[in-house]
Each structure stands twice: as C-alpha cells, then as structure tokens.
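Structural features, examined
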Protein chains: 2
Amino acid sequence: MRTTTAASTDGMEGATSGATSDVLVVGGGIIGLVTAWRAAQRGMSTTVVDPAPGGGAARVAAGMLAAVTELHYGEETLLSLNLASAARYPSFAAELAEASGQEIGYRACGTLAVALDADDRAHLRELHALQRRCGLDPEWLTGRECRRLEPMLAPSVRGGLRVDGDHQADPRRLATALLVACERAGVRFARERVARLALATAADERVTGVVLDDGRELSAGQTVLATGAHGLDGAGLPPGVLPPVRPVKGQVLRLRVPPAYAPFLSRTVRAVVRGGHVYLVPRTNGELVIGATSEEMGWDTTVTAGGVYELLRDAHELVPGLTELPLTETCAGLRPGSPDNAPLLGPTRLAGLHLATGHYRNGVLLTPVTGDAMGELLATGELPEQARPFTPRRFTRRLQEQPA
Amino acid sequence: MRTTTAASTDGMEGATSGATSDVLVVGGGIIGLVTAWRAAQRGMSTTVVDPAPGGGAARVAAGMLAAVTELHYGEETLLSLNLASAARYPSFAAELAEASGQEIGYRACGTLAVALDADDRAHLRELHALQRRCGLDPEWLTGRECRRLEPMLAPSVRGGLRVDGDHQADPRRLATALLVACERAGVRFARERVARLALATAADERVTGVVLDDGRELSAGQTVLATGAHGLDGAGLPPGVLPPVRPVKGQVLRLRVPPAYAPFLSRTVRAVVRGGHVYLVPRTNGELVIGATSEEMGWDTTVTAGGVYELLRDAHELVPGLTELPLTETCAGLRPGSPDNAPLLGPTRLAGLHLATGHYRNGVLLTPVTGDAMGELLATGELPEQARPFTPRRFTRRLQEQPA
C-alpha cells in the first residue's frame, strides 16, 4: 500500500496539472484536519482541499466524548476504540494547545444519564447491564441522588447513571485549533471544490489526486477522503470504493447561561425521552448546547420548526428551569453514518486512496485516535492494531461475499 | 396649542444649539415615521431623531390588522378607532406605495379565529357575543367548516369565527416604505440618541426640543414623542407628562413555506391556547409569522428557550403540519402598553410637547389614523374628532382627580 512518490498524471487529458503533494486530504473538517496535521508532523508535504476548511459537522456538534453513555448493542468493538480515544484526549488536548496556542475546551466534567419514566428507566437499566458486561461499571443513582448532583433536574427524574469518564470538548474550538496547528505544521490549503478523483489506469489502477471543479488537477502520492457525510462523484470508479456513508441530520440549539443562573448544570446531562435522545452540554464559558435530532433526510441542513420544538420540549421536561435562558443559535449538521455506525479508517481497494470518514456520532471523540491511525498509515503503509477492525475493506468483503 | 415659530433656547446653558425645525419627532418607528411624513406633507420642516430609524417594534411585529379579533371588554372606544384605521388601510397602502415606490404587503386575506377545546370554545363564544353587541357579526363556523377553509388545521379544532375584515400588512416593509416616503417628502434624520427634553421655563413652561446624548440641542416649535415602549429621562419635567407606557415583550418566530407546501395557510389563523394567544400570519412571499408571547419583563428583548418553546408548542397544536417548515428567525420586541391598552395621541400638559405612543398590540393597524391625527394636530393645533378620546390628558386628569 505504501505510496511515497508523487503519482503520475498520465491519462489526465485536458486537466491542467496543479500542485503535487505527498498527501492530499479531501475535506477540512476535524477528521481531515487531524489527518493532515499528523501527516505534516511526519514530514510529508500535505494539502487539504476544502472550500471552507474548519467547517463541517464540528460547527454544529455538541462535543460529548461519550464512549460509555453512547454504548449500543453490537458495538463492543467500537467501544474499545472510543475508550482508547477518550483516554488519549487529555494528552491530545495538551499537545494541540501547545502546537496551536488555542485551547479546545476540554472539560473533564463527566456525564449524568437519567430516566424520566418507567420506560426510560428500563432502557437505562439495560444500558447499565450492557456496560457491566463490557467491563464498565458506572454508578446507578436514585432520582434524589441525581438531583443532589444536578439540582436543576426535574422532580420527575427517576434514576440515572453517573458516568464520570464521559467528558466534553468544544468542537468549534477544536476545529479552529486544528486549522492553526495545520498551518503551523506547513499544511497547504486549497480552498476549492473537488469534482472527482483523478484515476490513472495506465499500469495498475491508482488514484493520483483529485480534479477540481474548474478542471485543474491536484496530484498526490496518497489521497485521503475525509468528506464526512458529503459524497464525491463516483464516475469512473469501481463499485464499492466510495465510502458507504449516509447523512444523518442533527439539529442543535445553543443557549446562554447568564451569570445569575450559573453554573446551572455542572456536567453533561442526557436522557432518552419518548425514544429520542436529548442532551445538555454545559461549557465553562456559559454556553449550553442542546442536541440533537436524528433524521434521515438526505443532504438537508434546514432548521425546522419541528426539530427545534422537539428539542425544547424534551429538554424542558428534563430541566424545566431552562425556559428562562436565552436561545442564541439554532443549527443543523450531517453526521456521516456508516452501515455499522463505526468509522471507516484506512486503505480502499484502489491504490493511493484512503478513507477517514463514517464517524457518525463519534467524530469529536475519535479525533485523537483517527489522527494517530491515519498518520501511521500514511507514513508506514500500515494501520496500527487498534484501528484495523475499522478498515473500509470490511464492507467491500461483504459486498464480494454476497451471492450474485 | 399651536406653535409654528421656532422655540427659543433660553435657559439651555451649556448646550450647543443644533438645527431648528417646525416639528421634531423623537423615535423613528412606524408611528414616528408616519407622523413625520404627514407633517412634512403639510409643509412643516420636520426632523426625526433616532439612532436607527425604521427599527423598533415593527421589525418584530406580525402585522395583523385585527380590529375585530383583538376586541376586548371595555375597549369599545378603541374598537371604533381600530375599525376606522382598518378602513383607511387600502387607500393608505396605495398612497404610501405611490409616495415611496414600495409595496407594504397589504393583504386582504381575512382571519380565522379557532377554538381547540371546550374552554377555548367558551372563550370564543364570549368574544362573538361581545362582537355582536358592538354591531359586528363575524360568522360562527363548525370545526369541519374551519378545516374546509384551512385544511392544515388540527382535527381537534372545534369551531371558529370567520372574520373576513381582519387583514394584514408586512411591518418591515411598512417601515421601509415610510422611511423612503419621509426622505422624499424632505424629512431630515438625526441619527442620534436623545438624552432628555429641552425645557424653557423663562415665561411659560414649554418644551423647545431635545438635548442629545452628546449635549447638542435640536430645537423645534413642536416636539412629538413617538418612542414606543422606550422611555426618556424625565428629569426636570412635571409629573404626569411623560407617557404612562410600559414595555410588554413579545417573542415572534418566522418560518418559511417552501413552494411544495404552498399556500399552507390562506389567511391569518389564531387561537387562544391555554390562555396564551397564538397566531399564524401567512404572507404571499412564503413567510409565515408565528406570534406572540406577552411578557412583562421590563426592557428585555431576549429570545428565550421558553418563549420559543411555547410558541412552537401552541402553533403545533393548532397546525401540526408546520413541523416540516424551516424556522428562519426568532426575535423579540416591546409593545408600548398603556394603562387602558389604547394609544396616547395628542398634546400633553406641557406646551410644545405631543405624544404618539402607547399603541400596544395595534401599532401597525393604527398607523394610518395616527398619521392622520398627528398631521392634523401639528398643522392646526386640533385633534380630529375620532382621535380625541385618546388624548394623553385622560391619564393626567385621573392623576389630578385622585385624592392626595
């Protein structure tokens, strides 16, 4: 897999040859930026292509680092990666702050997951049982104990799980810090739109970079797709190469806690209300993020009356006192959902093309290990052990194993 | 009362003398602008003082012209003014469009006021009875008849009143058109903050204009306070001169009806839900305005989580299909509420000082007759017959009649 030489542009008729890099990262969200930063740190000439780097789903996300509270049946493999990345966060945040001069709002505040009615409590009990089977043991609290920790909780809270290891970071500050770290590490930015991948078919089939909207080509030895929920035109590519990622829309609110109400909440509070997840993430700067809807609507980032209504209704049920707080922002983003809810990290069937996408609900959490894994892959051609279960080839294999 | 000569600036020690006008209007909202426009049309040199003319509550208001549906017990006198202004609207809109080159979104769509539960129906029946006693007779409709008119209404709607004469205008376009009409009529704008009224006490006590924040004075023969819910420093003024107006906060949402959903609603739809008023005002350009909370919070224009939640909850109960509509804006404004909910139009106890404020929920509706009344007053010294019940002196008299 290793490709350290610049790819040839043979067969790229009509394309104006642009700059050549060792590594070309398509997509300047937090996953693309951490990949580019790590590549540049290892001495590779690196370019990020994105019309607006630092954007993407991180502008919307709440930034929960919820390895334990986001555990679902059948995702035990993902749990180990999530836990590894959660453990990496303190040193990652410190290294990034050192490299960029920017704090990313990492806050070791823990999480309280609560139940409002009997159904919720049954749901939370099941999660607790699953967590224990996975070797975790968050503490079960009565409703009264929950309110002692967080006095703003509704009297109707019937119990909860205290998860002291699920912390938070501020995704907007994370994106900004990664941008600065990339710039300082020498990463170049091409603020352009990508039309398609550039493919050389002379000898063996190989991706040689990208073709921009204006027809110019950027070539690279290795190309990383970090396009999140956004796809690329697959024209000319074999089936199964582009990531099987779908957009899962999330609407998010931002409130402000005036000093008179502070701290309001002292940790992340979350619940399942009538089947929907709602969470409240309090930052030290007074921002309170409420998320998130989960909607399969295609590439739609409209803030809707219904989305905002459901979030406010559920949050109000959980923490009635928030009615007095200023509502400062509503926004919507797209989670890159993969078929098994786990990321796609590593090489594809096409030489020269890697993926770093499909992080679904865990993009902020998985930023440190994604950077580690992609840096290692780009420099050595091998994924580190912990990332290997997440190779995109797991879907290609399934595709090939299916009867015709 | 008539004062056509420029006031002296005697006694204004330390103030730099600024420009002198026949008429100085303090406040450049729709009421101040229509007053200035009418004064300028009658040949008086006119200045509007406002740091941001065209702003104020009209930037927030939905623009219902709800003479009949907003009828309340004890407000029969106000009803006649409201009906007179509603009747003036078509010619007013046409004249303003001619003068400014701008349409104001006047739409003769009518209103449907509906009831959701038994309490609401009783409330609406009482309103209907009151309307009939006042010589109005809107048609009572069954729930089915309501849904035939507006198919998006909830199945739970139990009945309603069809009020074909309560139309709408777009307050933002109204403010813009009035600004242009003022400019074209030669009104001058002083984009400054007013510190206080300028008072000459040499011979008789008389208002001679205003002192700006920076100490400069703008003098005028007649000064009109059209400051809406915003007060002035009353230092040096006798008691009972400044308007007894309080701010009543209203939070409002703006949604967008995509073409695929149009027309969605074909007229204004309103209801009382759990004691709170909610209304949906559909514009021809696809904007759907949902209002409004009514909060006595002082000079606070914060959009709160609770305000937005209640509006969405109530609107959703009335028209469930709006969940899919984009939510494009949330904002809050201040209605100028007077003790009897009616405007204060005309001279005060102080020579040279008039009021045009206290329009509460009816500012957009009352814009035409307010312009007529203030123009007449400024030019002739006399209020027209229909405006006389609304002189500010009605409160001064009460003040003087109270036992000490």
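Residues numbered from 1 in each chain as written. Chains lettered and ligands numbered in written order. Predicted model: local features only at pLDDT ≥ 70, side-chain atom pairs only at ≥ 80, totals over all residues. Heavy atoms only, no water.

Under an unreviewed UniProt entry, the name given to chain A is glycine oxidase, and the source organism is Streptomyces daliensis. The record held by UniProt for chain A lists under Catalytic activity (unreviewed entry) the comment "glycine + O2 + H2O = glyoxylate + H2O2 + NH4(+)". Here chain A is described in UniProt, under the heading Pathway (unreviewed entry), as follows: "Cofactor biosynthesis; thiamine diphosphate biosynthesis." (UniProt positions renumbered as here; feature names shortened; annotations may be inferred.)

Here we take up the overall build of chain A. When helices and strands are counted, chain A shows eight helices and 18 strands. Computed over its C-alpha atoms, the radius of gyration of chain A comes to 22 Å, within 12% of the 22 Å expected for a compact globule of 404 residues. Within the span of chain A, comprising 404 residues, buried residues form 59% of the whole. Partitioning the intrachain contacts of chain A with sequence separation of at least 6 by distance along the chain shows that 74% fall at a separation of at least 24. Here chain A displays about 15,700 Å² of accessible surface, and carbon together with sulfur accounts for 49% of that area. In chain A, 41 side chains carry a positive charge and 44 a negative one; their mean positions are 4 Å apart. (Helix = DSSP H or I, 4+ residues; strand = E, 2+ residues; numbered from the N terminus. Rg over C-alpha atoms; globule rule 2.2 N^0.38 Å. Buried < 20%, exposed > 50% of the residue type's maximum accessible area, 1.4 Å probe, protein only. Contact = heavy atoms within 4.5 Å. Areas by Shrake-Rupley, 256 points an atom, 1.4 Å probe, with all protein chains shown as cover. Lys, Arg positive; Asp, Glu negative; His and termini not counted. Charge placed at Lys NZ, Arg CZ, Asp CG, Glu CD.)

What follows deals with the interface of chain B and chain A. Frequently, the measure chosen for interface size is the accessible area removed from exposure when the parts meet. Taken together, the contact between chain B and chain A spans 18 residues of the former and 18 residues of the latter. Taken over both partners, the interface formed by chain B and chain A buries close to 1,400 Å², and the fraction arising from carbon and sulfur atoms is 73%. The largest contributions to the chain B side of the interface with chain A come from Ala 305, Tyr 309 and Leu 327 of chain B, which together make up 39% of the buried area. Across the contact surface, chain B and chain A share zero salt bridges. Taken together, chain B and chain A are joined by six residue pairs in polar contact (both at pLDDT 80 or more). Per-element tally for the side of chain B that touches chain A: the top contributor is helix H6 (residues 305-318) of chain B, with seven residues. Classifying every residue of the side of chain B that touches chain A by side-chain character gives 11 nonpolar, five polar and two charged. (Buried area = accessible area lost by both parts, 1.4 Å probe. Salt bridge = Lys/Arg side-chain N within 4 Å of Asp/Glu carboxyl O. Polar contact = N/O pair within 3.5 Å; in protein donor to acceptor, adjacent residues only side chain to side chain. Nonpolar A, V, L, I, M, F, W, Y, C, P; charged D, E, K, R; others polar.)

A word on the packing of helix H1 (residues 30-41) of chain B against helix H5 (residues 171-184) of chain B. Residue and element names in this part refer to chain B. Two numbers describe how H1 lies on H5: the axes approach to 9 Å, and their chain directions differ by 30 degrees. With respect to each other, H1 and H5 are oriented roughly parallel. The chirality of how H1 crosses H5 is left-handed. Contacts between H1 and H5 pair Ile 30, Leu 33, Val 34, Ala 36 and Trp 37 from the former with Pro 171, Leu 174, Ala 175, Leu 178, Leu 179, Ala 181 and Cys 182 from the latter. Broken down by class, the residue content of the contact of H1 with H5 amounts to 12 nonpolar, no polar and no charged. (Axes fitted to C-alpha atoms, helices over the stretch in contact; angles between N-to-C directions. Parallel < 35°, antiparallel > 145°, perpendicular 65-115°, else oblique. Left-handed = near helix turned anticlockwise from the far one by under 90°.)

Moving on: unusual backbone geometry. Where the residue is not glycine, phi is negative for most of them; where a peptide bond is considered, it is trans in most cases. All names here are of chain A. Gly 291 connects to Ala 292 through a cis peptide bond whose omega is -20 degrees. With respect to the helices and strands, the residue Ala 292 is situated in the loop between strand S15 (287-291) and helix H6 (305-318). Its identity as a non-glycine residue notwithstanding, Phe 264 has a phi of 70 degrees, on the positive side. Note on placement: Phe 264 falls in the loop between strand S12 (246-256) and strand S13 (268-273).

Moving on: the pairing of strand S6 (residues 159-163) of chain B. Residues and elements named next belong to chain B. When you tally the buried positions in S6, you get four out of five residues, the bulk of the element. For strand S4 (residues 111-115) and S6, the ladder comprises five bridges, and the chain directions are antiparallel. Residue pairing for S6: Ala 113 is matched across the bridge by Leu 161. In the sheet, strand S5 (residues 139-142) pairs with S6 via four bridges, with the strands oriented antiparallel. The partner of Leu 141 across the bridge, within S6, is Gly 160. (Pairing = 2+ DSSP bridges.)

Membership of the largest hydrophobic core comes to 65 residues, with the highest contact counts inside it found for Leu 318 and Leu 322 of chain A together with Leu 318 and Leu 322 of chain B. Those residues in contact with Leu 318 of chain A, other than ones at most four positions away along the chain, are Val 114, Leu 116, Met 152, Leu 153, Ala 154, Val 269, Arg 270, Ala 271, Val 278 and Leu 280 of chain A. (Core = buried A, V, L, I, M, F, W, Y, C linked by side-chain atoms within 4.5 Å.)

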